[in-house]
Amino acid sequence: MDLEKPPPRRQDPEGCLAVAIRVPVRIVVLVLVVPVRMVWDALVVAGRFLNDTVLRPVGRALLWLGRAVFVWPFVGLWRYLLVPLGKGLAWLGNVLVVVPLVWCHRYVLTPLGQACAWLARGIGAGLAWLYARVLTPVGHAVMWVLRGLGAVLAAIGLGVFGAVAWLARYLLVVPALWVYEWILTPVGRAIAWCATGLVRVVSAVATGIGIALYWTARVLFVLPALGLYRWVLTPVGRFLAVIGREARDALGHAWRIAGRISLAVGRFLATLLRWTFVEPVRWVYRAVLTPVGHVVRDAVLRPVAEAARSVGRATRQALTAARESVRQARADFRRMLLGEPKQRETVDRREPPGRETRTLGSSTTALTKD
């Protein structure tokens with residue numbers, strides 16, 4: 001860790017023009033920016049309050065309504081109509097299409113394909129025997145005859161090609177070479193020398209014209225433009241840059257100062273609202289409404305709730321007694337019409353009939369019980 005302080009950042013020296021412009025510009029910008037910043041902060045607070053109290057609940061309600069109107073009906077349609085219908089169609093397609101196709105492939109197409117394959121193997125074996133025993137010897141004989149004819153034709157072609165090549169050399173190539181060396185080459189060199197001289201003359205003329213045009217354009221256009229840029233546009237640009245930089249800095253300072261002023265005003269208004277409205281309402285709630293609510297709860301709501309619960313218990317007991325009476329009357333009526341139900345025969349079991357557990361001192365087995 002470096003304990004030494006970093007060297008201060010080098011700042012460009014400011015001129016008297018920047019110092020003279022800075023203070024009035026900052027005062028004017030501060031006067032103009034403070035109302036805008038206060039209005040902006042008020043809009044931000046109002047927007048947050050509107051978002052928390054109106055837009056978000058309305059958005060949730062619209063989301064629930066959209067789900068209830070668009071999502072849930074389609075989910076129910078998919079789950080309870082389309083899925084069972086698809087399963088039924090899949091089962092029907094399996095029974096009507098897949099099973100018959102599998103049976104046709106297994107018991108019709110497979111034997112037919114095996115028979116066709118056996119027939120194709122027999123035909124292939126016959127064709128292989130024909131190729132090996134008949135066509136191969138005939139092909140060898142034909143190739144031997146063709147090789148002989150090819151050798152004879154090649155010898156004739158080589159002789160004819162040699163004769164034609166000798167005639168072409170001495171009738172065409174040698175005269176053409178002589179014409180190129182003794183006629184065309186001197187003529188071409190003369191034409192090239194003339195063209196080179198002409199190009200040099202044209203180049204010298206074009207160079208002189210270009211130099212004249214260059215100096216003319218420089219004196220008429222470049223030097224005036226350079227003087228205008230150096231002695232007029234550059235000072236004006238620097239002046240405008242200083243004004244713009246100071247205006248930007250003044251706007252930043254004014255915006256921050258306006259924010260602090262707006263914050264102080266907002267805190268003052270919040271404190272005033274708290275002591276003029278919130279605290280009295282809170283005191284009324286704590287000192288008046290809460291005791292009244294407790295009294296109403298203890299004196300009215302709880303006795304009413306107890307009475308309602310007792311009425312509910314009495315009603316449930318009455319309904320239970322009525323259900324038992326109806327059940328007993330139905331059993332008596334069934335017994336009167338059909339008689340007593342047949343009793344099951346008792347069978348001795350190894351286990352005791354009750355729900356008691358086995359112990360070491362009790363006789364619950366078949367050998368020790370009474």
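Fair warning: this is a prediction, and the values are worked out from it, not measured in the lab.

Thresholds, definitions, all that
Residues numbered from 1 in each chain as written. Predicted model: local features only at pLDDT ≥ 70, side-chain atom pairs only at ≥ 80, totals over all residues. Heavy atoms only, no water. Helix = DSSP H or I, 4+ residues; strand = E, 2+ residues; numbered from the N terminus. Buried < 20%, exposed > 50% of the residue type's maximum accessible area, 1.4 Å probe, protein only. Areas by Shrake-Rupley, 256 points an atom, 1.4 Å probe, with all protein chains shown as cover. Core = buried A, V, L, I, M, F, W, Y, C linked by side-chain atoms within 4.5 Å. Contact = heavy atoms within 4.5 Å. pLDDT = per-residue confidence, 0-100. Polar contact = N/O pair within 3.5 Å; in protein donor to acceptor, adjacent residues only side chain to side chain. Phe/Tyr/Trp six-rings, centres within 6.5 Å; stacked < 30°, edge-to-face > 60°. Lys NZ or Arg CZ within 6 Å of the ring centre and 35° of its normal.

**Digging into the overall build of the chain**
- From N to C terminus, the chain includes one helix and zero strands.
- The buried share of the chain, reckoned over its 370 residues, is 4%.
- When the accessible area of the chain is evaluated, it comes to approximately 32900 Å², of which 72% is carbon and sulfur surface.

**Details of the nonpolar core**
- By size, the foremost hydrophobic cluster in this structure holds six residues: Val 29, Val 33, Val 34, Ala 250, Ala 254 and Ala 258.
- With residues near it in sequence (within four places) discarded, Val 34 still touches Ala 258 and Ile 261.

**Focus on the confidence of the model for the chain**
- Per-residue confidence for the chain gives a mean pLDDT of 81; residues scoring 70 or more make up 85%.
- Predicted confidence is poor over residues 8-13, with pLDDT under 50, and the contacts of this stretch with residues over four places away or in other chains come to zero contacts.
- This model gives residues 366-370 a pLDDT under 50, and the stretch forms four contacts once residues within four places in sequence are excluded.

**With respect to the side chain of Arg 37**
- Its place among the elements puts Arg 37 in helix H1 (residues 16-338).
- Overall, Arg 37 belongs to the buried group, its relative accessible area being 16%.
- Separated by 2.7 Å, the side chain of Arg 37 and the backbone oxygen of Trp 255 make a polar contact.
- If near-sequence neighbours (up to four positions away) are discounted, Arg 37 is found in contact with Trp 255, Arg 256, Ala 258, Gly 259 and Ser 262.

**Concerning the packing of aromatic side chains**
- Within this structure, the stated rule accounts for four aromatic pairs.
- Arranged with centres 6.0 Å apart and planes meeting at 85°, the rings of Trp 64 and Trp 72 form a pair that is edge-to-face.
- Of the residues examined, Trp 64 reaches a relative accessible area of 53% and is grouped as exposed.
- By relative accessible area, which is 45% here, Trp 72 ends up partly exposed.
- Where Trp 103 meets Tyr 107, the ring centres are 5.8 Å apart and the plane angle is 40°; that geometry is what we call tilted. You can see Trp 103 and its partner Tyr 107 sitting in helix H1, four residues apart, about one turn around the helix.
- Above the plane of the ring of Trp 275 lies Arg 274, whose end atom (NZ or CZ) is 5.6 Å from the centre.

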